[in-house]
Amino acid sequence: MASGSGTHILALPFPLQGHINPMLQLCKTLITKGIRVTLVTTVFISSSLQIQASTTSNLINIETIPDAAATTSEGDVYQVFINNFKETITQGFTTSEGDVYQVFINNFKETITQGLPRLIEKHKQSSYPAKAIVYDSVLPWTLDIAHQLGLKGAVLFTQPCTVCSIFYHMKQGTLKIPNEDEGSDIMLPAMPPLKLKDLPSLIYDTGAYTALFNLLIDQFSTYRDADWRLFNTFDKLEDEILKWIASEGPILTIGPTIPPLHTDDIEYGLSLFKPDAEAYLKWLETKENGSVVYVSFGSLVTPGEKQMEEIARGLVESNCFFLWVVRASEESKLPPDFVLEKGLIVNWCSQLQVLAHPAIGCFVTHCGWNSTLEALSFGVPMVAMAQWTDQTTTAKLIADVWQIGVRTKADENDFVTREEIAGSVREIMQEERGNEIRRNASNWKQLAKEAVSEGGSSHKNITEFVIQLSRS
Ligand code: UDP
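Residues numbered from 1 in each chain as written. Predicted model: local features only at pLDDT ≥ 70, side-chain atom pairs only at ≥ 80, totals over all residues. Heavy atoms only, no water.

Engineer: Describe the environment of Ser127, and please don't skip the residues or the numbers.
Structural biologist: Summarising the element assignment, Ser127 is placed in the loop between helix 5 (100–124) and strand 9 (132–136). Separated by 119 residues in sequence, Ser127 and His8 have C-alpha atoms that sit 9.9 Å apart. (Helix = DSSP H or I, 4+ residues; strand = E, 2+ residues; numbered from the N terminus.)

Spelled out as structure tokens, the structure:
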């Protein structure tokens with residue numbers, strides 16, 4: 001086991017659940033190797049965090065930076081961002097200060113740019129000055145702050161390498177986008193042929209989310225200067241594209257960043273949402289192995305009311321038991337006459353514990369990268385119902401490349417019918433194709449486990465990272 005011998009590093013996640021989880025798990029792994037970690041966030045974000053007591057997450061020191069301009073004329077900037085996510089997605093919500101994403105992103109940048117140097121200077125006076133900072137790839141300007149103050153910088157990418165490479169091509173100007181009606185394949189080095197709607201939606205849905213699009217393109221603004229480039233994936237999963245991106249500069253794959261199944265600590269440790277009481281785990285206990293469909297669209301996605309109705313009716317039509325996460329802010333979209341005969345709805349759950357439960361037979365997912373890696377790591381087949389951003393590309397990989405799920409077909413407005421949802425669930429739960437997918441899922445589960453086990457590719461890379469950190 002490599003020893004970080006008390007080397008101190010800072011970690012700066014982007015404050016969304018899907019970005020916090022991989023950073024946190026990486027930190028926990030580094031701690032087990034003797035690295036000291038201080039997780040940096042803002043006062044406001046930290047006040048929204050639910051800390052789940054667990055052995056390793058307790059060892060992470062959390063330090064906060066006062067929010068630069070916590071309020072807009074509409075109220076607190078983070079609250080405005082979360083409250084208006086639905087409008088932002090459906091029609092592009094603006095505050096008097098501008099696009100809500102942009103306000104949120106600008107505010108976070110201002111907060112960190114002001115507060116991080118002070119925090120680093122304070123640590124320099126302590127017995128454990130920080131040597132490096134691990135930062136989310138969507139915060140590329142962190143590298144300049146780190147370098148100016150004598151720290152090294154490791155960038156962490158929390159999307160599939162395939163998706164990152166597509167944005168890399170966008171940044172370089174080497175991606176030619178065909179017209180929708182051309183229907184021709186998009187050929188990029190080391191990638192399968194892609195149709196327009198296999199690309200991240202921010203690329204083909206032009207102009208809809210400019211702030212987010214720019215955020216993802218800007219990931220590469222300091223890419224070449226980073227001291228380490230970490231990717232939350234593993235070598236065998238994205239073999240060819242990883243080799244291609246490594247030819248642009250060395251990288252370290254460190255994923256999947258999932259808490260190991262065999263520990264009693266199967267939690268990330270910090271959540272922006274409060275999980276429901278654990279009655280759902282007891283409910284799962286009453287179900288036969290592989291008999292329950294788990295449904296979740298992650299922390300941000302907000303399907304429209306009609307789409308929610310189709311999901312509800314489709315689940316009933318599949319005639320399977322189901323456990324469905326409907327966040328409190330989404331509940332009002334459920335059909336008023338919806339009767340839960342074979343289903344259970346929760347506002348939030350411990351997804352890791354659910355996916356690890358033997359009662360789960362498949363996962364209807366929005367294809368967020370963490371959810372995908374979690375399902376893959378636990379060998380759970382997926383119904384890939386991508387909604388936006390990187391999810392569309394991940395759905396393609398799930399269905400056609402790794403073959404661990406089926407991808408729902410949508411109409412030209414990205415609407416998926418109840419028949420399609422029910423049919424996809426049945427395909428996995430009851431039909432022959434399901435057996436084939438389960439075999440593939442079990443194979444990928446094994447490969448994911450190997451990658452993070454002693455001698456595996458991600459394990460070796462994390463060890464190498466720790467050695468380099470301690471020597472730096
Ligand atoms: N998650 C959870 N409980 C839930 C739903 C989701 O703990 O009820 C976690 C899930 O395990 C994953 C994260 O929230 O780690 C969602 O990240 P993902 O990248 O899948 O999607 P995003 O929320 O970023 O769209």
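Engineer: I'd like a rundown of helix 7 (residues 161–172), residues and numbers included.
Structural biologist: For helix 7, which comprises twelve residues, the first-to-last C-alpha distance of 16 Å matches the rise-based estimate of 16 Å (1.5 Å per residue) to within 8%. Most of helix 7 is tucked away, with nine of its twelve residues classed as buried. Regarding helix 7, the residues found buried are Cys161, Thr162, Val163, Cys164, Ser165, Ile166, Phe167, Tyr168 and His169. Here the buried face of helix 7 lies against strand 10 (152–157), helix 8 (201–204), helix 9 (210–218), strand 11 (228–231), helix 10 (239–246) and helix 15 (391–401). (Expected span 1.5 Å × (residues − 1). Buried < 20%, exposed > 50% of the residue type's maximum accessible area, 1.4 Å probe, protein only. Contact = heavy atoms within 4.5 Å.)

Engineer: Can you explain the nonpolar core? Please cite residues and give values.
Structural biologist: Counting residues in hydrophobic clusters, the biggest one holds 85 residues, and the most contacted among them are Leu10, Phe14, Leu116, Val293 and Trp324. In terms of residue count, helix 5 provides more of this core than any other element does, eight residues in total. In contact with Trp324, not counting residues within four places along its chain, are Val295, Met308, Ile311, Ala312, Leu315, Leu334, Phe338, Leu344, Ile345 and Val346. Counting 70 residues, the second largest nonpolar core, distinct from the first, contains Ala154, Ile360, Ala395 and Ile398. (Core = buried A, V, L, I, M, F, W, Y, C linked by side-chain atoms within 4.5 Å.)

Engineer: Give a description of the sheet that holds strand 2 (residues 36–42) that names residues and reports values.
Structural biologist: With parallel pairing, seven strands are arranged side by side in an open sheet as 4-2-1-9-10-11-12. The open sheet has two edge strands with one neighbour each: strand 4 (61–65) and strand 12 (252–253). Where strand 1 (residues 8–12) lies against strand 2, four bridges are found, and the strand directions are parallel. Bridging from a neighbouring strand, Ile9 pairs with Val37 of strand 2. (Pairing = 2+ DSSP bridges.)

Engineer: Describe the site of the ligand, with residues and values.
Structural biologist: Around the ligand there are 19 residues in total, and Asn21, Ser299, Cys349, Ser371 and Glu374 lie nearest to it. Within the contact set of the ligand, a nitrogen atom lies 2.7 Å away from a backbone nitrogen or oxygen of Cys349. Taking Gln351, its side chain carries an N or O atom lying 3.4 Å from an oxygen atom of the ligand. Mapped onto the shell around the ligand, the elements with two or more residues apiece are helix 1 (17–32), strand 14 (292–296) and helix 14 (369–378). A total of four residues in the shell around the ligand trace back to one element, the largest contributor, which is helix 14. A class-by-class count of the residues in the shell around the ligand yields seven nonpolar, eleven polar and one charged. (Near = heavy atom within 4 Å. Polar contact = N/O pair within 3.5 Å; in protein donor to acceptor, adjacent residues only side chain to side chain. Nonpolar A, V, L, I, M, F, W, Y, C, P; charged D, E, K, R; others polar.)

Engineer: Any details on the packing of helix 5 against helix 9? Residues and values, ideally.
Structural biologist: For any two helices packed against each other, the geometry comes down to the angle between their axes and how far apart the axes lie. Here helix 5 crosses helix 9 at 45 degrees, and the two axes come no closer than 7 Å. Comparing their axes, helix 9 and helix 5 come out oblique. Of helix 9, the residues touching helix 5 (which contributes Tyr101, Gln102 and Ile105) are Ala211, Leu212 and Leu215. A breakdown of the residues in the contact of helix 5 with helix 9 according to their chemical character gives five nonpolar, one polar and no charged. (Axes fitted to C-alpha atoms, helices over the stretch in contact; angles between N-to-C directions. Parallel < 35°, antiparallel > 145°, perpendicular 65-115°, else oblique.)

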